[in-house]
Amino acid sequence: MVAPRPAIIVHGGAGRGSGEWREARLAGCLKAAAIGWTALESGRTALDAVGEAVAALEDDPLFNAGTGSSLNRAGEVEMDAALMSDTLEAGAVASVAGIRNPIRLARKILEDGRHVLLTGRGACDFARQAGIPLVPPETLVTQAQHERWKQDHGTVGCVAVDREGHLAAGTSTGGTPRKLPGRVGDTPLIGCGTYGNGDGAASCTGQGEAIIKVVLAKTSVDQLTSGLAPMEAARQAVALLARRTGGQAGVILVDRLGVVGYAHNTEEMPLCHIIGGEEPVTVF
Ligand code: ASP
C-alpha cells in the first residue's frame, strides 16, 4: 500500500479582474498554505491544518472572508463557513455577523456534534457559549479595500491530508457582493461548497447558486471515488457545472494519498499547494 503524503492546498476564490492584486493574493495563499503545512508537519490533524489556513485567509483583508468580507445590499457583512473531516463530522455557520473567524466557530459546532449548521443569531449565541469572542460587525468591513474588490469573488478554502491519511476540507466567505440579506450560498452547505469523506476532500468557490444545484464539492469527490485522478476529477466536476448550469466556479481537491487537483472556468483562482514537504507551488 502507498503511504499517504501530507499535503495541503488553499484557494483564494474564483473570480476575475484582480490582476492588480495578483501577487498580493498569491502571497496570501502562500502564507496560509505555509501555516497549514507547519501544522501538518508537527503532526497535527488535517482538520487543524485546514482550520489554521482558512483562519489566516479570513484575517487577510485581500480576501472575501472574515475581515474584508463583501457587503450585502443592506451594507452589512453576513458570512458563511464550513469545516468537514473524512469521518463525516461537520460544522458550519451561515449568515453570521460579528465573528472574526467563522471557521473557528464552524470547528466548535463540529466538535459539539449536536448540529451541523447554525445560522445568524443562534450561531452567535453558540459562539458566546463556546468562548469565541464577538467583535463589532463594522470591524470586519474594510471600506476602502471593499470598494476596489467588490466585483471580485474572493472566497477562501483549504483541503488537506495529514500524516495519518486523514482528510479535511474548509471554506469561508462573505458571500456574493450585494446579495440579498439572508442569502446563504454554497459554502456552508455540506456537499455543495465543502465536502470530505474517506476518498477525498473538496472546497469550492464561484457562483454559489450554480454550485448548490450540482452539489459541486460532493460531485468532485464522487469523481475521485469513481477512479479519476484528482486533477481530472476537478476538471470533470467543473465541466459538469458549466454544462448543466452555465455557471462559473472552481474547486480544489485532495485524495487520501495527498495528490491534489484543481480546476476553474473563471478567469482566475489563486491557489497554493505544498505536497510532502516539497517547495510550495502557487498558481493563478
Ligand atoms: N461561492 C461563494 C458564494 O456564492 C462566493 C465565492 O466563491 O466567491 O457565496
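Before reading on, note that the structure itself is shown above.
The following paragraphs examine the structure supplied in this document. These figures come from a predicted structure and were not determined experimentally.

Attention shifts here to the overall build of the chain. Along the chain, the regular secondary structure elements total eight helices and twelve strands. The globule rule puts the C-alpha radius of gyration for 284 residues at 19 Å, and the 17 Å found for the chain is close to it. Taken along its principal axes, the extent of the C-alpha atoms in the chain is 55 × 40 × 35 Å. In the chain, which comprises 284 residues, the share counted as buried stands at 57%. In the chain, the proportion of contacts linking residues at least 24 apart, taken out of those at least 6 apart, comes to 68%. Entry remark: accessible area of the chain is about 11100 Å², with carbon and sulfur atoms responsible for 52%.

Of all hydrophobic cores here, the largest spans 29 residues; its most connected members are Ile-8, Val-10, Val-50, Leu-83 and Cys-158. For this core, the elements supplying multiple residues, two or more each, are β1 (7–11), α1 (22–41), α2 (46–59), α3 (102–112), β5 (156–161) and β11 (271–275). Among the elements that line this core, the one with the most residues is α2, at eight residues. Among residues more than four places away in sequence, those in contact with Leu-83 are Leu-47, Val-50, Gly-51, Glu-89, Ala-90, Gly-91, Ile-103, Ala-106, Arg-107, Leu-110, Ala-169 and Gly-170. Membership of the second largest hydrophobic core comes to 22 residues, among which are Ala-217, Leu-224, Ala-234 and Val-251.

Turning our attention to the sheet that holds strand β7 (residues 194–196). Read across the open sheet, the four strands follow the order β7-β8-β9-β10; overall the sheet is antiparallel. Edge positions in the sheet fall to β7 and β10 (260–264), since each of these pairs with one other strand and no more. Across the sheet, the mean angle separating the axes of adjacent strands is 10° when strand polarity is ignored. With seven bridges connecting them, strand β8 (residues 200–206) and strand β9 (residues 249–255) associate as antiparallel partners. Counterpart to Gly-206 in the pairing with β9 is Ala-249.

Here we take up the sheet that holds β5. The strand order across the open sheet formed by eight strands is β4-β3-β2-β6-β5-β1-β11-β12, and the pairing between neighbours is mixed. The open sheet terminates on both sides in strands that have one partner only, identified here as β4 (117–119) and β12 (281–283). This sheet shows a mean twist of 10° between the axes of neighbouring strands, independent of strand direction. Across three bridges, strand β3 (residues 90–96) lies against β4 in parallel orientation. Each bridged residue has a counterpart across the sheet, and for Val-93 the counterpart in β4 is Leu-118. Its contacts with the sheet place α2 against β1, β2 (79–85), β5 and β6 (167–173), and it is angled at close to 160° to β5. Most of the contacts of α3 go to β2, to which it runs at about 45°, and overall it touches β2, β3, β4 and β6.

A few words now on the environment of Ala-160. Along the chain, Ala-160 turns up in strand β5. Taking relative accessible area as the criterion, Ala-160 reaches 0% and is therefore assigned buried. In this structure, the C-alpha to C-alpha distance between Ala-160 and Ala-53, residues 107 residues apart in sequence, is 9.9 Å. Excluding residues that lie within four positions of it along the chain, Ala-160 makes contacts with Ala-7, Ile-8, Leu-40, Ala-46, Val-50, His-166, Leu-167, Ala-168 and Val-254.

You can see Pro-280 is positioned in the loop between β11 and β12. Residues Pro-280 and Ala-33 lie 247 residues apart in sequence; the distance between their C-alpha atoms is 8.1 Å. Residues within four places of Pro-280 in sequence aside, it is in contact with Leu-30, Cys-272, His-273 and Ile-274.

The immediate surroundings of the ligand are formed by twelve residues, with Thr-155, Arg-183, Asp-186, Thr-205 and Gly-206 found nearest. Within the side chain of Thr-155, an N or O atom sits 2.7 Å from an oxygen atom of the ligand. Within the side chain of Asp-186, an N or O atom sits 2.6 Å from a nitrogen atom of the ligand. Considered on its own, the ligand offers 270 Å² of accessible surface; in the complex 100% of this is hidden by protein. Broken down by class, the residue content of the shell around the ligand amounts to no nonpolar, ten polar and two charged.

A separate point is the pattern of salt bridges. Note on pairing: side chains with opposite charge can pair once their charged atoms come close. Taken as a whole and assessed by the stated rule, the structure comprises 13 salt bridges. The partner of Glu-278 in a salt bridge is Arg-5, and the shortest N-O contact between them spans 3.2 Å. Here Arg-5 lies in the segment before β1 and Glu-278 lies in the loop between β11 and β12, a separation of 273 residues in the sequence. Owing to a relative accessible area of 46%, Glu-278 belongs among the partly exposed residues under this scheme.

Moving on: the packing of α3 against helix α4 (residues 120–129). With their axes 10 Å apart at the nearest point, α3 and α4 run at an angle of 80° to one another. As far as their axial angle goes, α4 and α3 are roughly perpendicular. Judged by residue contacts, Leu-105, Lys-108, Ile-109 and Asp-112 of α3 engage Ala-123, Phe-126 and Ala-127 from α4. When its residues are assigned to classes, the contact of α3 with α4 shows five nonpolar, no polar and two charged.

Cut-offs and rules
- Residues numbered from 1 in each chain as written.
- Predicted model: local features only at pLDDT ≥ 70, side-chain atom pairs only at ≥ 80, totals over all residues.
- Heavy atoms only, no water.
- Helix = DSSP H or I, 4+ residues; strand = E, 2+ residues; numbered from the N terminus.
- Rg over C-alpha atoms; globule rule 2.2 N^0.38 Å.
- Buried < 20%, exposed > 50% of the residue type's maximum accessible area, 1.4 Å probe, protein only.
- Contact = heavy atoms within 4.5 Å.
- Areas by Shrake-Rupley, 256 points an atom, 1.4 Å probe, with all protein chains shown as cover.
- Core = buried A, V, L, I, M, F, W, Y, C linked by side-chain atoms within 4.5 Å.
- Pairing = 2+ DSSP bridges.
- Axes fitted to C-alpha atoms, helices over the stretch in contact; angles between N-to-C directions.
- Near = heavy atom within 4 Å.
- Polar contact = N/O pair within 3.5 Å; in protein donor to acceptor, adjacent residues only side chain to side chain.
- Nonpolar A, V, L, I, M, F, W, Y, C, P; charged D, E, K, R; others polar.
- Salt bridge = Lys/Arg side-chain N within 4 Å of Asp/Glu carboxyl O.
- Parallel < 35°, antiparallel > 145°, perpendicular 65-115°, else oblique.

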